[in-house]
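Fold and geometry: a report
Take a look at the letters that make up each chain.
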Amino acid sequence: MTRTFSLTLHVWRQKSAKQAGQFAKYIAANVSEHMSFLEMLDVVNQDLLAKGEDPIAFDHDCREGICGSCGFMVNGDAHGGHRGTTICQLHMRHFKDGEELWLEPWRSAAFPIVKDLAVDRGAFDRIIASGGFVSVPTGSAVDGNAIPVPKTEADLAMDAAACIGCGACVAMCPNSAAQLFTAAKVGHLGLLPQGQPERDRRVLAMVGQMTAEGFGHCTSTGECEAVCPKEIPIAFIARMNRDYLEASVKERPQANRGGSG
Amino acid sequence: MSATVAGTGSRFYETAIGKKIVMAVTGVILVGFVFVHMTGNLQVLQGADKINHYAKLLRTSMPLLWTARLVLIASVVLHVRAALQLYALKAAARPVAYAKKAHRGATLASRTMIWSGYTLAIFIVLHILHFTTGTIHTDFVEGDVFHNVTTAFKNPLIAAGYVVMMGFLFMHISHGIFSLTQSLGLSHPRYSAAAKTVARVLAVIIAVGFAAVPVAVFAVIAK
Ligand code: FES
């Protein structure tokens, strides 16, 4: 038999980044254990709409844990705090009748609030744009399989590449650090042969951009890896730190002479 | 969008990672120091001659002693400076606090590094005034380490105070030693799991080794 129950929600309501926000209380009645957390909120929003009230804003897209759009705090846990689970994939069976839940947006100066539970994660895009890529000239790309990649490195690169950029790492970190996110991309590309030519430049640029965005520092608490929906380990942060140190030591001034190409 | 190219010498320290690397390197120096300091202290347990001879040995060459002291002072200054700067960064990075915040995996030690750090900083100053300069010691005899230590730890409050401080030292370095392996990028799937354990064991050895002296002195005197 399907279990249905009701919950008390305290949801952070904030009209915009400029206006002050506060918690509002809602009752989610008739919650089915088979619903996802976002479906539960959909139902709450339907009720709000019927009453002519403003629905709760939250980001979502794929609802299958792969796009990285969704995410907010539930009782102080990013994505609700279940291993390897985004909030869209969190099922209501984990909750009990009458439970009180506090829903808050990711809180970080680098992630300004757009509305309610939705935040602007453009800072992540700018970190990626600063160096999270490999440059491949059009028309001269070699066949992927022509470059040998050891299986262990390929697997490790894949672990890092699993990052969906949801921002849970920053949200959960006591220091609002973006180290795990940045390290995942630095590690992903730095492990592959295609990423080698830009490896030093990449880590310097991405760490520089991360700093410019105003994220905090890493104190190795491991809070990020515990809530990362893709379970990316903080070993990647160590790898990025090593790359950063190496690149900083090796860096030489760019030549400003040379042909126009 | 054009890339921000950071990382030149002066930029290195501007990033949180650069500051953490400075903290890690100075941390290695300071942990190394407390370890040697602890093993030296244990000679108190072997009697007055041993420890007083060791103290004299350390003072064989004043230039050498001061070189070591300057390295330590510089390490403390750099370590504390980076810590304070990073703590300010943390506050700026989350101006609005969570109404509710859970903890997943973070140990108490890892979350209170700044507080154990403040406590240790105060302790270090008092400790130097107590046993190095003797300023706040009630019965200080220059060069007679055994006398200075035993008379101080006769007082149960002082003995207990030192033991409590070693609790803070344990907290600080048990997380610090692990964290510095992360900051320096010393991570490998085969050894990383051991890093946390090694950090804790090392922290226990250092803290217990230090605490043994006040406890032993007090136990012997109480008899
Ligand atoms: S909505 Fe796509 S990951 Fe949750």
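Values in this document were obtained by computation on a predicted structure and should not be read as measured data.

1. Thoughts on the packing of helix α8 (residues 235–250) of chain A against helix α2 (residues 16–41) of chain B
The contact between α8 of chain A and α2 of chain B brings their axes to 10 Å, and the two run at 90°. Judged by the inter-axis angle, α8 of chain A sits roughly perpendicular to α2 of chain B. Along its contact with α8 of chain A, which presents Met-240, Asn-241, Tyr-244 and Leu-245 of chain A, the element α2 of chain B presents Ile-17, Gly-18 and Ile-21 of chain B. Looking at the contact of α8 of chain A with α2 of chain B residue by residue, the class counts come to five nonpolar, two polar and no charged.

2. Looking at the domain arrangement of chain A
Many structure descriptions define interface size as the accessible area lost when the parts assemble. All names here are of chain A. According to the domain assignment, chain A consists of domain 1 (4–114) and domain 2 (122–251). Centre-to-centre, using C-alpha coordinates, domain 1 lies 29 Å away from domain 2. In this assembly, 20 residues from domain 1 lie in contact with 18 residues from domain 2. Here domain 1 and domain 2 share an interface that buries about 1,400 Å² over both sides, 59% of which is from carbon and sulfur atoms. Of all residues in domain 1, the largest losses of buried area upon contact with domain 2 belong to Gly-84, Ala-110 and Phe-111, amounting jointly to 30% of the total for that side. The tally of links between domain 1 and domain 2 comes to one salt bridge. Inspection of the domain 1/domain 2 interface yields three residue pairs in polar contact (both at pLDDT 80 or more). Grouping the constituent residues of the side of domain 1 that touches domain 2 by class yields eight nonpolar, nine polar and three charged.

3. What about the interface of chain B and chain A?
Counting residues at the interface gives 43 residues for chain B and 55 residues for chain A. At the boundary of chain B with chain A, total buried surface from both sides reaches about 3,900 Å², with 56% on carbon and sulfur atoms. When the buried area of chain B at its contact with chain A is split by residue, Ile-17, Tyr-98 and Arg-104 of chain B rank highest and sum to 17% of it. Along the contact surface separating chain B from chain A lie two salt bridges. A salt bridge links Lys-101 of chain B to Glu-223 of chain A, with the shortest nitrogen-to-oxygen separation between them at 3.4 Å. Where chain B meets chain A, there are 29 residue pairs in polar contact (both at pLDDT 80 or more). Among the elements of the structure, α1 (9–14), α2, α4 (62–93) and α8 (156–183) of chain B are those that each provide at least two residues to the side of chain B that touches chain A. Split into classes, the residues belonging to the side of chain B that touches chain A amount to 21 nonpolar, 14 polar and eight charged.

4. Quick look at a nonpolar patch on the surface
Residues and elements named next belong to chain B. On the surface, Met-62, Trp-66, Leu-70, Ile-73 and Val-77 cluster together into a nonpolar patch covering about 490 Å² of accessible area. Examined against the element boundaries, Trp-66 turns out to sit in helix α4. A residue is classified by how much of its surface remains accessible, and Trp-66, at 42% relative accessible area, is partly exposed.

5. Thoughts on the packing of helix α7 (residues 145–154) of chain B against α8 of chain B
All names here are of chain B. At a closest axis distance of 5 Å, the pairing of α7 and α8 adopts a crossing angle of 100°. By the angle class used here, α7 and α8 are roughly perpendicular. Where α7 approaches α8, its residues Ala-152, Phe-153 and Lys-154 are matched on the opposing element by Pro-156, Ile-158, Ala-159 and Tyr-162. Class assignment for the residues of the contact of α7 with α8 results in six nonpolar, no polar and one charged.

6. Overview of unusual backbone geometry
Residues and elements named next belong to chain A. Positive phi outside glycine occurs at Asn-30, with the angle close to 55°. Secondary-structure assignment places Asn-30 in strand β2 (residues 22–32). Positive phi outside glycine occurs at Arg-63, with the angle close to 60°. Within the fold, Arg-63 resides in the loop between α1 (37–50) and β3 (73–74). Owing to a relative accessible area of 23%, Arg-63 belongs among the partly exposed residues under this scheme.

7. Overview of the sheet that holds β3 of chain A
Residues and elements named next belong to chain A. Strand order in the open sheet formed by five strands is β2-β1-β5-β3-β4, with mixed pairing between adjacent strands. Single-partner strands in this sheet number two, and they are β2 and β4 (77–78). Bridge analysis of strand β1 (residues 4–13) against strand β5 (residues 100–104) gives four bridges, and the strand direction is parallel. Each bridged residue has a counterpart across the sheet, and for Leu-9 the counterpart in β5 is Leu-101.

8. What to know about helix α6 (residues 199–212) of chain A
Under the 1.5 Å per step criterion, the end-to-end length of α6 of chain A is 20 Å for 14 residues, consistent within 8% with the ideal 20 Å. Looking only at α6 of chain A, the buried set comprises Arg-202, Val-203, Leu-204, Ala-205, Met-206, Val-207, Gly-208, Gln-209 and Met-210 of chain A. Contacts made by the buried residues of α6 of chain A are with α2 (122–131), α5 (179–190) and α8 of chain A together with α2 of chain B. Just beyond α6 of chain A, the residue with positive phi is Gly-214 of chain A, at close to 85°.

9. Things to note about the environment of Thr-8 of chain A
The residue Thr-8 of chain A is located in strand β1 in this model. Ignoring sequence-local partners within four residues, the contact set of Thr-8 of chain A consists of Lys-25, Tyr-26, Ile-27, Glu-99, Glu-100 and Leu-101 of chain A.

10. Some details on the pairing of β5 of chain A
Of the pairings in the sheet, the one linking β3 of chain A to β5 of chain A comprises two bridges and is antiparallel in character. Its bridge partner lying in β5 of chain A, Met-73 of chain A is registered against Glu-104 of chain A.

11. Considerations on the side chain of Ser-130 of chain A
Along the chain, Ser-130 of chain A falls in helix α2. One polar contact links the side chain of Ser-130 of chain A to the main-chain carbonyl oxygen of Ile-127 of chain A, over a distance of 2.6 Å.

Analysis parameters
- Residues numbered from 1 in each chain as written.
- Chains lettered and ligands numbered in written order.
- Predicted model: local features only at pLDDT ≥ 70, side-chain atom pairs only at ≥ 80, totals over all residues.
- Heavy atoms only, no water.
- Axes fitted to C-alpha atoms, helices over the stretch in contact; angles between N-to-C directions.
- Helix = DSSP H or I, 4+ residues; strand = E, 2+ residues; numbered from the N terminus.
- Parallel < 35°, antiparallel > 145°, perpendicular 65-115°, else oblique.
- Contact = heavy atoms within 4.5 Å.
- Nonpolar A, V, L, I, M, F, W, Y, C, P; charged D, E, K, R; others polar.
- Domains from an automatic or database assignment.
- Buried area = accessible area lost by both parts, 1.4 Å probe.
- Salt bridge = Lys/Arg side-chain N within 4 Å of Asp/Glu carboxyl O.
- Polar contact = N/O pair within 3.5 Å; in protein donor to acceptor, adjacent residues only side chain to side chain.
- Patch = residues over 30% accessible without salt bridge, like charges linked within 9 Å, V, L, I, M, F, W, Y side chains within 5 Å.
- Areas by Shrake-Rupley, 256 points an atom, 1.4 Å probe, with all protein chains shown as cover.
- Buried < 20%, exposed > 50% of the residue type's maximum accessible area, 1.4 Å probe, protein only.
- Pairing = 2+ DSSP bridges.
- Expected span 1.5 Å × (residues − 1).

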